[in-house]
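# Residue-level structure breakdown
The residues making up each chain are set out below.
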Amino acid sequence: MSGPKNLNARERARLAADQAAARKRERRILIIMIAAFILIVVGGGIAFQAWRTSRAPSAAPSTSVSVSPVTITNGRPIPLGSAEAPVTITLYEDFHCPHCADFEEEFGPTITQAQQSATARVELYPMAFIDEGSITAANAMACAAEAGFGQAYYLGLFANHTLQWSDPQLIDLAAKVSGSSPSEGFRTCVMRRAHADWVTSMNAAADTNGVDQTPTMLINGKEVDIATLTPESLRTMINDAAQK
Amino acid sequence: MATESRLAAAAPWASTGARLVLGGVFLVAGALKIIDPQSAVAAVRAYELLPVSMATIVGWGQPFVEVALGVLLLAGIATRIVAAASGLLLVIFIAAVVSAAVRGLSIDCGCFGGGGPVPPGQTAYGIEILRDLGLLLLALWLVWQPSSRFAVDGLATGRPRKAAR
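Residues numbered from 1 in each chain as written. Chains lettered and ligands numbered in written order. Predicted model: local features only at pLDDT ≥ 70, side-chain atom pairs only at ≥ 80, totals over all residues.

## So, the overall build of chain B
- Across its full length, chain B holds 5 helices and 2 strands.
- Secondary structure elements of chain B occur, N-terminal to C-terminal, as α-α-α-α-β-β-α.
- Over its C-alpha atoms, taken along the principal directions, chain B stretches across nearly 55 × 30 × 20 Å.
- Expressed as a percentage of its 165 residues, the buried residues of chain B come to 44%.
- Look at the contacts in chain B between residues 6 or more apart in sequence, and 71% of them connect residues 24 or more apart. (Helix = DSSP H or I, 4+ residues; strand = E, 2+ residues; numbered from the N terminus. Buried ≥ 20, exposed ≤ 12 C-beta atoms within 10 Å, placed from the backbone. Contact = placed C-beta atoms within 7 Å.)

Pasting the structure below:
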């Protein structure tokens, strides 16, 4: 096309072959560069996520709901809030279930408010089916409830739900939410998985109660459709239940 | 001849659209998963295809593949190669969702964050597969017609460069 007219056919063919080879080489270099770019981004990304999930928990939202230490009994949920509260909110949640974290972000404040005004108390069934972190967090939740800072710990677990929940992270969270270094008893409870059987019993209890997804919420024993729920409608539901 | 030249004139614009849509979807889908690594890992585990340790790596790393491809597509860098890689990724996605459907799992594909188990009857495999097939078509179009407007390319689109050196 644009080649000099005085070239003979053989020279033109050789020129074309050279160009083709050069294009091929360019292409190979480009593929390598693209592959290297993707590998660097992905490698950096994995390192970033490893750091994010293994860093120390940030401070938990403060709560004024006072909870006295509770006894952990297999098959029984953790009570959080005043025993005299007229409304019982039953929650089935996995500390690593994404929708539970969303649920807590949206409705947690409303529920905490109801606990604070002694309108409602929460009965928490921490389920553990997502991963290892679900189990360690559920066990530590029981340890915290036993030690008397269950409510703050529960909020802290969800506020830091992107963490993988290794033992040091769980102990660190206890220090942050209770404002003091956790007792030796709490540490041992976390590290020895003291309530492993209770965690298993929570899954079994959920199964028995026909709960097949988290989060599941019941108000005075009646299941609430979370899909259509708003914080306002939840507040109304709680107040209505308190009137009865 | 007339229709051919019209196609030749329209193709770069169509390719620009395909690049922006495919790149935009990848970028958004990847970013949503990067925000919540725990969910991404849970979503991968829900497919029950990989051992736990692998699922963690894939859950953390795969969203960055999407972001990288999305950025390259939006910029229009090495469009044909990147589109081919995108197509391959989409084929893997489709295969994973089809396998979940065939095995009767009740999960959300986790394509745009979230994911994991859903109650039986609340799966959306049909829509998820159709959407991925649509994106796969865009990727295949770009493999066929990689040159487009507003692209960094010009280089290595598989055609001789027209511009003078």
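## Describing the sheet that holds strand E2 (residues 87–94) of chain A
All names here are of chain A.
- With respect to topology, 5 strands assemble into an open sheet ordered E1-E3-E2-E4-E5, the strand pairing being mixed. Every other strand in the sheet has two partners, leaving strand E1 (78–80) and strand E5 (222–223) as the edge strands with one partner each.
- Judged from the 2 bridges that link them, strand E4 (residues 216–219) and E5 form a sheet pairing that is antiparallel. When the sheet's bridge partners are listed, Ile-219 is paired in E5 with Lys-222. (Pairing = 2+ DSSP bridges.)

## Some points on the domain arrangement of chain A
- When the domains of chain A are assigned, the result is domain 1 (1–54) and domain 2 (58–243).
- Summarising the inter-unit geometry, the C-alpha centres of domain 1 of chain A and domain 2 of chain A are found 54 Å apart. (Domains from an automatic or database assignment.)

## Re the nonpolar core
- Counting residues in hydrophobic clusters, the biggest one holds 95 residues, and the most contacted among them are A:Ala138, A:Met141 and A:Tyr153.
- Of the residues forming this core, the biggest block, 10 residues, is contributed by helix H3 (residues 52–75) of chain B.
- Dropping the residues within four chain positions of it, A:Tyr153 is found in contact with A:Met141, A:Ala144, A:Leu173, A:Ala174 and A:Val177. (Core = buried A, V, L, I, M, F, W, Y, C linked by C-beta atoms within 7 Å.)

## Digging into the interface of chain A and chain B
- Every contact between the two is made by 24 residues of chain A and, on the other side, 22 residues of chain B.
- Mapped onto the side of chain A that touches chain B, the elements with two or more residues apiece are helix H1 (9–54) and helix H2 (98–116) of chain A.
- Of all the elements, H1(A) adds the most residues to the side of chain A that touches chain B, at 14 residues.
- When grouped by side-chain class, the residues that make up the side of chain A that touches chain B number 11 nonpolar, 8 polar and 5 charged. (Nonpolar A, V, L, I, M, F, W, Y, C, P; charged D, E, K, R; others polar.)

## Remarks on the pairing of E4(A)
Residue and element names in this part refer to chain A.
- Judged from the 4 bridges that link them, E2 and E4 form a sheet pairing that is antiparallel. From the neighbouring strand, Leu-91 faces E4, where its bridge partner is Met-217.
- The loop that links E4 with its antiparallel partner E5 comprises 2 residues; one of these, Asn-220, has a positive phi angle of about 50 degrees.

## Examining unusual backbone geometry
All names here are of chain A.
- Note the cis peptide between Thr-214 and Pro-215, where omega equals -5 degrees.
- Along the polypeptide, Pro-215 turns up in the loop between helix H7 (196–208) and E4.
- At Ala-118, a position not held by glycine, the phi torsion is positive, near 60 degrees.
- You can see Ala-118 is positioned in the loop between H2 and strand E3 (120–127).
- Positive phi values are uncommon outside glycine, yet Trp-165 reaches one of about 65 degrees.
- Structurally, Trp-165 is set in the loop between helix H4 (150–159) and helix H5 (167–178).

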